[in-house]
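Structural overview
Read off the chains here:
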Amino acid sequence: MSQPNPSTAQARALVDELHRHGVRLAVISPGSRSAALAIAFEEHPAVETRVVLDERSAAFLALGHARASEVPVVAVCTSGTAVANYLPAVVEADLSMVPLILMTADRPPELRHVGSNQTIDQVGVFGDRTRWFCDVGLADITLDLNGYWRSTISQAVARANGHGSRPGPGHLNLSFREPTVPVSDDGRTQSDSYAFSIEGRSDGSPWQVDGVARPGPADLGLLEGSRGVVVAGQGDYDRKQLVAESERLGWPILATALSGLRGDNAVDTYHHLLVDGVPPPLTPDLVITIGHIGPSDRFSSLTGVTCPQIHLDRWGAWRDPRRQSTHIVEADPVGTLHSFDNVADNAWKSLWDSGDREMRSALDERITAEPNLSGPAIARSIGATGAGQVVVSSSMPVRDVDAHTRSAARVFANPGASGIDGFVSTALGIATGRKSTLALTGDLSFLHDAGGLVIDELPDVVFVVVDNDGGGLFDHLPQAVHSPDFERLFVAPHGRDLTRLARAHGLKGLEVDAVEDLVAEADSGMAEGGAHVLVAKVDRETDLKMRRALDDTARAVVAGL
Ligand SMILES: Cc1ncc(C[n+]2csc(CCOP(=O)(O)OP(=O)(O)O)c2C)c(N)n1
């Protein structure tokens, strides 16, 4: 490397070290103070860059990509309120344990706390939501800082990957003095070259390699139950081995859409099987929950059964919304199941399996009998597309996919904080570098992050917008009957033409009004490549009736169990 000015030297060392640690994508929002970082990322031959105007969207794009790739992704922004716009994605990354590294440019110390332009206090601005914060400081021209910069990156990546606690976001605040472009004289400020080497390890390896040990199984003593159920959520565990252990134990797996376990071996109609609580024949004597088990609120009847209730999480997350767990255990979930010694009661598992089959066929029959579009019908049709990965927004889409999508496709959402913000960008991040991505969203979620479409390059993606002109979720809540001006205060109808909005952003926009068309258009959009928006108009009244009818159908099935 030639000898650049100090800011450029620092930025180049940091970027090179990030690459050595496996970072392959940096999401950059335009700004001046961050110029050295933006240019260093752009100049690196093996780190891809995306440019997203809105920092809130940029951080969600980074979050989406990190979620799917399970490798840290960097977001870079300038000083000031730009930094504060990262907060929603930081909150989600914290709760969802997604490795994200935020590199915020800052003014040098002499320009802080004196009312200088575009300057806020950025030190520790995300509080304890980040796994690690470092105010990296300035590139001091008189000091050899190469080891400091590179080991800082080693630690930032290690901590984002869970070293010392659990995976999550990290924040590096970086002061830069001008020139922040790679010249000795930018026309405003002059600088000598940085005099020290900024080379990394000569064999191309990271400065420091960290180690995170896998936890072993937990010894829970004699807790065997012959009628156990395993509720599998989003989390860090070996899927294949979990299926094998559950088979051995004779315990059904209730596989949430985000578990990655949907398939022939799992029960996926639990939302309807639990319509009025746990049916007596399906009442377990042991409940194991693994990872994040949203979004169905009907699990609460299962986790309220008086019996051993064991929550297992590899990172020790404390997930116990009902406060009824008897054990909250940081351990390898599958290894812990392996330590159980139960003689499988096959009749027990068959009861769940046959209930699941009956429920699925009754729900299917009811959904296909209704010609008008509804959320459940759209979610069910997603399983008929060739999507390899499905991203779903919070509110009803994630619930509908959980209840009605049977597909081996990987399903992603932002379940940590269940925000309706950042969805478009999360989906774009997940789609970046991958084929066959379908993103199912409500209209408000889509509009909330429409600014995320202001990006340098759109990936291949098909958005399906369930357009019920507002927030359909609120129809299910008490304010639907107990609030003045319910529509305006809660549903927030917008009347926007979303196909035109899509076209204005350079996407292909199309309206679809039947599930067959939706499946055909989604498949052709994914085959053709590029970014598409399919708008499916749904009438809220029809949708509500369908959901009530499905619950009635479920009650009839449960009564016959
Ligand atoms: C950032 C954020 N703001 C507000 C909410 C509250 N909220 C939950 S669902 C919802 C409506 C979502 O509407 P839409 O995306 O159209 O989906 P639908 O409810 O129609 O399924 C709102 C505003 C939230 N979860 N997150």
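Predicted model only: the values in this text are computed from it and were never measured. Sequence order sets the numbering: in each chain, residues are counted from 1 along the sequence as written. Under the rules for a predicted model, residues below a pLDDT of 70 receive no local features and side-chain atom pairs below 80 are neither given nor counted, while totals for whole chains, interfaces and linings still include all residues. Working from all heavy atoms in the structure, the side-chain values ignore hydrogens and water.

Any two strands are treated as partners once DSSP identifies two or more bridges connecting them. Only DSSP runs of H or I with at least four residues qualify as helices, and only runs of E with at least two residues qualify as strands; both kinds are numbered from the N terminus onward. Spatially, six strands are ordered β13-β12-β14-β15-β17-β16 in an open sheet, and the strand pairing comes out parallel. Unpaired on one side and paired on the other, β13 (410-412) and β16 (508-512) mark the two borders of the sheet. Neighbour-to-neighbour, the strand axes of this sheet turn through a mean angle of 20°, independent of strand direction. Both strand β12 (residues 389-392) and β13 contribute to a ladder of three bridges, which runs parallel. Looking across to β13, one finds that V391 is bridged to F412. Here an angle of 0 to 180 degrees is reported between the N-to-C directions of two axes, which are lines fitted to C-alpha atoms, with helices fitted over the stretch in contact.

What follows is about the pattern of salt bridges. In what follows, salt bridge is the name for a side-chain nitrogen of Lys or Arg lying within 4 Å of a carboxyl oxygen of Asp or Glu. Throughout the structure, instances matching the rule amount to 36 salt bridges. Measuring nitrogen to oxygen at the nearest pair gives 3.7 Å for the salt bridge that ties R33 to E178. Placement of R33 in the loop between β1 (25-28) and α2 (35-43) and of E178 in the loop between β6 (169-175) and β7 (228-232) is noted, with a sequence separation of 145 residues between them. To sort residues, take the accessible area from a 1.4 Å probe on protein chains only and compare it with the maximum for the residue type: under 20% means buried, over 50% means exposed, and anything in between is partly exposed. On the accessibility criterion, R33 (9% relative accessible area) is buried. The class of E178 is partly exposed, set by a relative accessible area of 25%. Note that R555 is salt-bridged to D552, the shortest N-O span being 3.0 Å. Here R555 and its partner D552 are both found in helix α20 (residues 540-559), three residues apart, which amounts to about one turn of the helix. Judged by its relative accessible area of 35%, R555 falls in the partly exposed class. Salt bridges here are not isolated pairs; linked through shared partners, they connect D16, E17, R20 and R150.

One less than the residue count of a helix, multiplied by 1.5 Å, gives the span that helix is expected to have. The end-to-end C-alpha separation of α20 is 29 Å, in line with the 28 Å expected for 20 residues at 1.5 Å each. For α20, the complete set of buried residues consists of R540, T542, D543, L544, M546, R547, A549, L550, D551, T553, A554 and V557. Throughout, a contact is declared for two residues whenever any of their heavy atoms are within 4.5 Å. Contacts from the buried residues of α20 go to α8 (270-273), α11 (346-368), α12 (375-382), α13 (396-404) and α17 (486-491).

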